[in-house]
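Each chain, written out:
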Amino acid sequence: MSYIVVSPLSRIAEMAVRHKARDMISLIAKEQSFHRPAVIAAERHLTLGMNDISFKGTGDLVAPDETHVRALIDFAASWRQETPLLIHCWMGVSRSPAAALIAALSLAPDQSEEELAYRLRTASPFATPNARLIEIGDALLNRGGRLVTAVQAIGRGADADGNAPFLLAIKDTASG
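The structure displayed is predicted, hence computed values, not measured ones. (Residues numbered from 1 in each chain as written. Predicted model: local features only at pLDDT ≥ 70, side-chain atom pairs only at ≥ 80, totals over all residues. Heavy atoms only, no water.)

Chemist: Would you mind going over the overall build of the protein chain with me for this structure?
Modeler: Each helix and strand counted, the protein chain has six helices and five strands in total. Order of helices (α) and strands (β) in the protein chain, N terminus to C terminus: β-α-β-β-α-β-α-α-α-α-β. A globule of 176 residues ought to have a C-alpha radius of gyration of about 16 Å, and the protein chain, at 15 Å, matches this closely. C-alpha extents for the protein chain along the principal axes are approximately 40 × 40 × 30 Å. Taking all 176 residues of the protein chain together, 51% fall into the buried category. When contacts within the protein chain are restricted to residue pairs at least 6 apart in sequence, those whose partners lie at least 24 apart make up 70%. (Helix = DSSP H or I, 4+ residues; strand = E, 2+ residues; numbered from the N terminus. Rg over C-alpha atoms; globule rule 2.2 N^0.38 Å. Buried < 20%, exposed > 50% of the residue type's maximum accessible area, 1.4 Å probe, protein only. Contact = heavy atoms within 4.5 Å.)

Shown next as structure tokens:
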């Protein structure tokens, strides 16, 4: 079964090794420095420089935009799914869960947005997917607002300390 490991920055090396991940997407502020785990080859690591905000025009902060989401979708399409895809941001609760939903829906577009969002909530009571990423992903994947509505329906996640990685299956195992 193909799945995505969603992690805070502080646990990427542990998660990469534990789950044998060989592909990684980092959604992190441009000025944030970190070390790519040695098990992830540079050419299989996508870094998307953005802040965890939901609107443009916030001083020097970089809002997620269409370029970021297109790169995310393209990278997910290039992932061979032989090993899990590791997606992380600073805390693992906003940008990376949003990216995981977008990647999963881009790879398995025949699934229900509601079921996918519910699966995310079941996997993580803390996830609060970044609304701007979700809106852009919904538009680029031609979901007609259904992904936005599904994410709104699961509501805000519980308060988190940024130490709760989780797994998200690309599609529901019961439906194939």
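There is more to say, and it comes next.
Chemist: Would you take a moment to explain the environment of S7 for this structure?
Modeler: Among the structural elements, S7 can be located in strand 1 (residues 3–8). Its relative accessible area of 0% is what places S7 among the buried residues. Taking the C-alpha atoms as reference, S7 lies 4.9 Å from G92; in sequence the two are 85 residues apart. When neighbours within four sequence positions are excluded, S7 is seen to be in contact with I12, M15, L86, I87, H88, C89, G92, S96 and P165.

Chemist: What should I look at first to understand the packing of aromatic side chains in this one?
Modeler: Aromatic ring pairs are reported here in terms of the distance separating the ring centres and the angle at which the planes meet. Taken as a whole and assessed by the stated rule, the structure comprises zero aromatic pairs. The side chain of R44 reaches across the aromatic face of F75, ending 4.5 Å from its centre. (Phe/Tyr/Trp six-rings, centres within 6.5 Å; stacked < 30°, edge-to-face > 60°. Lys NZ or Arg CZ within 6 Å of the ring centre and 35° of its normal.)

Chemist: Looking at this structure, how should I read the sheet that holds strand 5 (residues 166–169)?
Modeler: Two modes of strand pairing occur in sheets, parallel and antiparallel, and in both the strands are linked by backbone hydrogen bonds. Pairing is mixed in the open sheet, where five strands are placed in the order 3-2-4-1-5. Both outer strands of the open sheet, strand 3 (45–49) and strand 5, are each paired with one neighbouring strand and no more. On average, adjacent strands in this sheet sit at an angle of 20° to one another, irrespective of strand direction. When strand 1 meets strand 5, the two strands line up antiparallel, connected through four bridges. In the strand pairing of strand 5, I4 is matched with L168. (Pairing = 2+ DSSP bridges. Axes fitted to C-alpha atoms, helices over the stretch in contact; angles between N-to-C directions.)

Chemist: Which parts of the structure should I look at to understand the pattern of salt bridges?
Modeler: One side chain can pair with another of opposite charge once the charged atoms of both are near each other. This structure, assessed with the given rule, holds nine salt bridges. Among the salt bridges present, the one from E14 reaches R18, with a minimum N-O distance of 2.7 Å. Here E14 and its partner R18 are both found in helix 1 (residues 12–19), four residues apart, which amounts to about one turn of the helix. With a relative accessible area of 51%, R18 lands in the exposed category. One salt bridge connects R119 with E115, and the closest N-O pair in it is separated by 2.2 Å. You can see R119 and its partner E115 sitting in helix 4 (residues 113–123), four residues apart, about one turn around the helix. Connected through salt bridges with shared partners, the residues R11, E14 and R18 form a single ionic network. (Salt bridge = Lys/Arg side-chain N within 4 Å of Asp/Glu carboxyl O.)

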